[in-house]
Amino acid sequence: MKTIHGALLIGCSALALAGCGADDIASPGAGGINIPAPAPTPAPAPTPTPGTVVAAASCPTFTATGGLTDSGVLPTAQGTWRVCTLPALVDKSSSLPKIAGVIYRMNGRVDVGCDGGFKAPTSAAPVVTSTVSCANRSLTADTDVTLTVDPGVIVYGENGAEPAWLAVNRGNKLNAVGSATQPVIFTSRANVVGTATDTDMGQWGGVVLLGRGIVTDCNIGSTTGGNCERDTEGSANPARFGGADNTYNAGSMKYVQIRYSGYSLAVGKELQSLTGGGTGTGTTFDYFQSVNSSDDGSEFFGGAVNFKHYIAVNADDDSLDLDTGVVANFQYGLILQRSANGDAFYEIDSNGNEDNAPRSKINIANFTAVQPAASSNNESNDLASILIRGNSDVTLVNNVIVSPANQCIRLHGTSTNGSAAATLKAFATVLTCTANDPFLGSGSYNAAATASQFGTANGNSSTFTSTLTSTFVNGASESGVAGYADITTISSFFDKVSYIGAVSGASDVWYRGWTCDNATGNFGSNAACTTLPTT
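Residues numbered from 1 in each chain as written. Predicted model: local features only at pLDDT ≥ 70, side-chain atom pairs only at ≥ 80, totals over all residues. Heavy atoms only, no water.

Caption draft 1: Looking closely at the overall build of the chain. Within the chain, the secondary structure is distributed over 6 helices and 34 strands. Taken across its 535 residues, the chain has 53% of its residues classed as buried. For the chain, the share of sequence-separated contacts (at least 6 apart) that also reach a separation of at least 24 residues comes to 71%. With the model as given, the accessible surface of the chain reaches about 20,600 Å², and the carbon-plus-sulfur share is 54%. (Helix = DSSP H or I, 4+ residues; strand = E, 2+ residues; numbered from the N terminus. Buried < 20%, exposed > 50% of the residue type's maximum accessible area, 1.4 Å probe, protein only. Contact = heavy atoms within 4.5 Å. Areas by Shrake-Rupley, 256 points an atom, 1.4 Å probe, with all protein chains shown as cover.)

Structure follows, in structure tokens:
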């Protein structure tokens, strides 16, 4: 140390004029000269523990006018998210990419494109759009906007001046395509911050696809005039659908979850998880899960729908609602209602429009539907686990219906002009219903007439004893019933399978990995619906 001190003193003597002074060397007094300790090296930022979200530094680029608004950092039990808010109008094709630490937000209604009207506008036949956020623009062509949502992206709705919901207007598309390991998730803010429970619902609106398919029960025009249109129920501003094109393409939804939706837009008029208004066969629906909707799991108004791998858990109204002239094919479905809650598994067609054309034509194949106990909601509304009413022709194929405390099927129909009431055909469909009382009839039908339409041929049973395992997996009794051999004659959309129900056995796990789990439906995905993926 003496050597060091001496060297320093010599250095300072020689360089005094160069500024070697008090700012460089402290001299507290006797005992020599002290050299200040160097500043400590900053501690490295802690490595996040596995599964902990760290907010991204900024929001990604978004092509639509105004881009994404950086709404700051949202702390949650899972870490922090960078919140990127969508504009009220997505006016240009844009993408929501999967970026670590980014979550997307809808603050109130978000429109994708401007409504292009009953048929695509042209320079010779322009359309003044009905979409309020488009400021009454005159369109000479569809705005042709596509919102793309990448695998693993999470979008949540936060209710503002009006409920949060996504309106994909006519002439535009939503491509929300996840994967078997990274589903797209639409959910509520409460789910993001970790306060949503297995019994919560109705925390935001939902996803609404609007197309140019054929509809009935018109708000605008008439079925006889061939210009029938409808408004989305309860919407303060128009969100119109309907046209003459049952091949309409509203985009693609695949490997998608919609959680905690169903917000009321008006008294008695609620959005469901997924609403299809006049969508067509050009639209892809596959691998979809609705969780805790305060209204229906999904509802399709008119148009034409082809849908595979449909799951509805804890819908507080109907799990699948189909009406106003829809032509639909559904295959592979799980309907799991919270015990003693919810209304019907299927509610088919709207009441009081039996003479509208076209008639609803609906084929439902390979569904398993379970309601363990009677529901006061159902007892005050649809009265049975399946309600088929006016202006609908329904075929049930390979269905397993388990509702031991309720009637299984109610047919209802009335007509003022002599048109045929609702009709039912069934093939390889088994019912486990309240003892000795599986059927109801009303209007044009009584219970005996309903039973006659269901029939006992074609492998049907109205006195079946279900042996489902793990809530929805075929047991010995279900495995003993062969699937309907001629299912492809009912619709070429259907796969030919040898079994009834949605899940043939323990090795059939199409529902696993892209879904979330709760007390009603444990799909073995190891992902609770009350939490969100962090990677």
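So much for the structure itself; the text now carries on.
Caption draft 2: Examining the environment of Ala528 more closely. Following the sequence through the fold, Ala528 ends up in the segment after α6 (487-490). Overall, Ala528 belongs to the partly exposed group, its relative accessible area being 33%. Residues in contact with Ala528, not counting those within four places in the same chain, are Arg259, Cys516 and Asp517.

Caption draft 3: Structural view of the state of the cysteines. For the structure on display, the rule yields 5 disulfides. For Cys59, the disulfide goes to Cys84, at an S-S distance of 2.1 Å. Taking the torsion about the sulfur-sulfur bond, which here is approximately -100°, the covalent link between Cys59 and Cys84 counts as left-handed. Taken together, the positions of Cys59 in the loop between α1 (2-14) and β1 (69-76) and Cys84 in strand β2 (residues 79-85) put the pair 25 residues apart, joining distant regions of the chain. Here the two residues Cys59 and Cys84 agree in accessibility, since each one is buried. (Disulfide = S-S within 2.5 Å.)

Caption draft 4: Local environment of the layout of surface pockets. Here the largest pocket defines a volume of roughly 280 Å³. Glu233, Gly268, Glu299, Asp321 and Glu347 are the residues nearest the centre of the largest pocket, which is lined by 21 residues in total. By volume, the second largest pocket amounts to about 220 Å³. Along the wall of the second largest pocket there are 19 residues; nearest its centre are Thr181, Pro183, Ile185, Ala527 and Pro533. When grouped by side-chain class, the residues that make up the lining of the second largest pocket number 8 nonpolar, 9 polar and 2 charged. (1 Å grid on protein atoms, 1.4 Å probe; cavity = no way out; pocket = protein on both sides within 12 Å on 5 of 7 lines; lining within 4 Å. Points joined across faces, edges and corners; volume = space filled by probe spheres on them. Nonpolar A, V, L, I, M, F, W, Y, C, P; charged D, E, K, R; others polar.)

Caption draft 5: Local environment of the packing of aromatic side chains. Overall, the coordinates contain 23 aromatic pairs when judged by the stated rule. Ring geometry for Tyr346 against Phe367: centres 6.0 Å apart, planes inclined by 75°, an arrangement best described as edge-to-face. With a gap of 21 residues between them, Tyr346 in strand β26 (residues 346-348) and Phe367 in strand β27 (residues 360-370) connect regions that are remote in the sequence. Judged by its relative accessible area of 0%, Tyr346 is buried. By relative accessible area, which is 0% here, Phe367 ends up buried. Aromatic ring contacts, followed pair by pair, group Phe285, Phe288, Phe300, Phe307, Tyr310, Phe330, Tyr346 and Phe367 into a single cluster. It is Lys308 that lies over the ring of Phe493; its NZ or CZ is 4.6 Å from the centre. (Phe/Tyr/Trp six-rings, centres within 6.5 Å; stacked < 30°, edge-to-face > 60°. Lys NZ or Arg CZ within 6 Å of the ring centre and 35° of its normal.)

Caption draft 6: Representation of empty space enclosed by the protein. Applying the stated criterion to the full structure yields 3 cavities of 30 Å³ or more. For the largest cavity, the full set of lining residues is Thr232, Glu233, Glu270, Leu271, Gln272, Thr275 and Phe301. Partitioning the lining of the largest cavity into residue classes produces 2 nonpolar, 3 polar and 2 charged.

Caption draft 7: Main features of the pairing of strand β5 (residues 102-107). Along β5, 5 of the 6 residues are buried, which leaves the element largely enclosed by surrounding structure. Judged from the 4 bridges that link them, β2 and β5 form a sheet pairing that is parallel. Among the inter-strand pairings, Val83 is bridged to a residue of β5, identified as Ile103. Pairing analysis gives 4 bridges linking β5 to strand β10 (residues 154-158), with the strands arranged parallel. Residue pairing across strands places Tyr104 opposite Val155, the latter belonging to β10. (Pairing = 2+ DSSP bridges.)

Caption draft 8: Representation of the sheet that holds strand β14 (residues 207-210). Ordered in space as β3-β6-β11-β14-β20-β22-β24-β26-β28-β31-β34, the 11 strands form an open sheet in which the pairing is parallel. Two strands bound the open sheet, and with one partner strand each, they are β3 (89-90) and β34 (439-443). In the packing of helix α4 (residues 447-454) onto the sheet, contacts are made with β31 (409-413) and β34, and the angle to β34 comes to roughly 120°. (Axes fitted to C-alpha atoms, helices over the stretch in contact; angles between N-to-C directions.)

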